[in-house]
Amino acid sequence: MRIINTVSGMQAFSRDVRKSGKTISLVPTMGYLHEGHASLMVEGKRRSDILVASIFVNPTQFGPTEDFNAYPRDLERDRKVAVSAGVDVIFAPTASDMYPHGYQTYVNVEQLTLPLCGASRPGHFQGVTTVVAKLLNIVMPHVALFGKKDFQQLAVIRRMAADLNMDVEILGMPIVREADGLAMSSRNAYLGPEERKDALCLSRALDAARAMYRNGERSVPLLMEKVLRIIGEVPGAVIDYADFRDGETLETLETANGQTLIALAVKIGKTRLIDNCVLGEEQ
Ligand SMILES: Nc1ncnc2c1ncn2[C@@H]1O[C@H](COP(=O)(O)OP(=O)(O)OP(=O)(O)O)[C@@H](O)[C@H]1O
Ligand SMILES: CC(C)(CO)[C@@H](O)C(=O)[O-]
Ligand code: BAL
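Residues numbered from 1 in each chain as written. Chains lettered and ligands numbered in written order. Predicted model: local features only at pLDDT ≥ 70, side-chain atom pairs only at ≥ 80, totals over all residues. Heavy atoms only, no water.

- Looking up the chain in an unreviewed UniProt entry gives the name Pantothenate synthetase, with the organism given as Geobacter benzoatilyticus.
- Taken directly from UniProt, the Sequence similarities (unreviewed entry) text for the chain runs: "Belongs to the pantothenate synthetase family."
- In its Catalytic activity (unreviewed entry) section, the UniProt record describing the chain reads: "(R)-pantoate + beta-alanine + ATP = (R)-pantothenate + AMP + diphosphate + H(+)". (UniProt positions renumbered as here; feature names shortened; annotations may be inferred.)

Comments concerning the overall build of the chain
Part 1: Check the secondary structure of the chain and you find 10 helices and 9 strands.
Part 2: Since a compact globule built from 283 residues should have a radius of gyration of about 19 Å, the 19 Å found for the chain is in line with a globular shape.
Part 3: Residue burial in the chain is summarised as follows: out of 283 residues, 53% are buried.
Part 4: Taking contacts inside the chain between residues at least 6 apart in sequence as the whole, the part at least 24 apart equals 72%.
Part 5: Of the charged side chains in the chain, 32 are positive and 34 negative, and the gap between their average positions amounts to 4 Å. (Helix = DSSP H or I, 4+ residues; strand = E, 2+ residues; numbered from the N terminus. Rg over C-alpha atoms; globule rule 2.2 N^0.38 Å. Buried < 20%, exposed > 50% of the residue type's maximum accessible area, 1.4 Å probe, protein only. Contact = heavy atoms within 4.5 Å. Lys, Arg positive; Asp, Glu negative; His and termini not counted. Charge placed at Lys NZ, Arg CZ, Asp CG, Glu CD.)

Things to note about the environment of Gly36
Part 1: Within the secondary structure, Gly36 sits in helix H2 (residues 35–47).
Part 2: Sequence separation of Gly36 and Ser186 is 150 residues, and the distance between their C-alpha atoms is 9.5 Å.
Part 3: When sequence neighbours within four positions are dropped, the list of residues in contact with Gly36 reads Val176 and Met184.

Some words on helix H10 (residues 220–232)
Part 1: Here H10 is 13 residues long and its end C-alpha atoms lie 18 Å apart, about the 18 Å a rise of 1.5 Å per residue gives.
Part 2: Tucked inside the fold, the buried residues of H10 contact helix H9 (200–214), strand E7 (237–246) and strand E8 (260–268). (Expected span 1.5 Å × (residues − 1).)

A short note on the packing of H9 against H10
Part 1: Close contact between H9 and H10 brings their axes to 9 Å; oriented N to C, the two are set at 155°. Overall, the two elements H9 and H10 adopt an arrangement that is roughly antiparallel. Crossing hand, H9 versus H10: right-handed. Counted together, Cys201, Arg204, Ala205, Ala208, Ala209, Met212 and Tyr213 of H9 and Leu222, Leu223, Lys226, Val227, Ile230 and Ile231 of H10 form the full contact between these two elements.
Part 2: Class assignment for the residues of the contact of H9 with H10 results in 11 nonpolar, no polar and 2 charged. (Axes fitted to C-alpha atoms, helices over the stretch in contact; angles between N-to-C directions. Parallel < 35°, antiparallel > 145°, perpendicular 65-115°, else oblique. Left-handed = near helix turned anticlockwise from the far one by under 90°. Nonpolar A, V, L, I, M, F, W, Y, C, P; charged D, E, K, R; others polar.)

Okay, here's the thing in structure tokens:
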């Protein structure tokens, strides 16, 4: 496995791969890799000749009071996970190579970025779409893989790729969970032992709402009541948002159907966790 640290080095590598007629998959990450990332990598490897994983804690998607500095970083650990998941190249650029002096170009997706994480993290999605557009231009993959844990992010990136005629397939991958249901996340590393137990309220709330839906309940206010009650039982949990939205448009709705998304962002102590499910889909 190679590690490439420069934009020009990565572009040269990808140009050569493409010239030789081979295909490239890209898994963009912010590192501190776990089995959720590995599942994207294994699928990426299956789909292409060469698998590139980027590791870049992107400063432009963090707000001024967010955890950019604290975000866990461990390239040695990431290297091992990447090797065993079949990664051929880790692309780990510096911030100054990605955003050199004088940088002034940003990509913005409009409506889809307004609710949910877009509302609670102003500027976040502009940072995400900008860096993902840059990564796609640099790595030039045929397919790029993203997790459905960041459901809105996936929708926003799909929209950007379609709207800007990007010649790449955007693939969404299922959420990988710990045995007890907690969605895997690099930020789970922030949780203390009691918080780790409290964090289960997200998946518990989603499971309970899905069970109600399977038993015929279609009223969003009633489903919402259940979600709020379960999270409310945990004193250390503070809801950032709990929302029922159409899984395509992300618009609000009063009556649930199989495409309905339940999206949660909940603070457990200082750690903000997200999770979601689509009511008609198996997890
Ligand atoms: N549990 C998971 N299952 C599937 N995909 C995941 C999971 N966690 C993260 N991903 C995906 O991995 C990619 C990189 O995500 P990122 O590096 O931000 O990891 P993360 O664990 O989500 O970190 P964070 O703690 O910042 O949310 C994204 O496409 C994300 O959706
Ligand atoms: C897609 C991404 C790597 C862009 O920085 C990030 O938002 C993430 O890890 O989900
Ligand atoms: N997983 C999305 C990256 C972020 O929270 O900034």
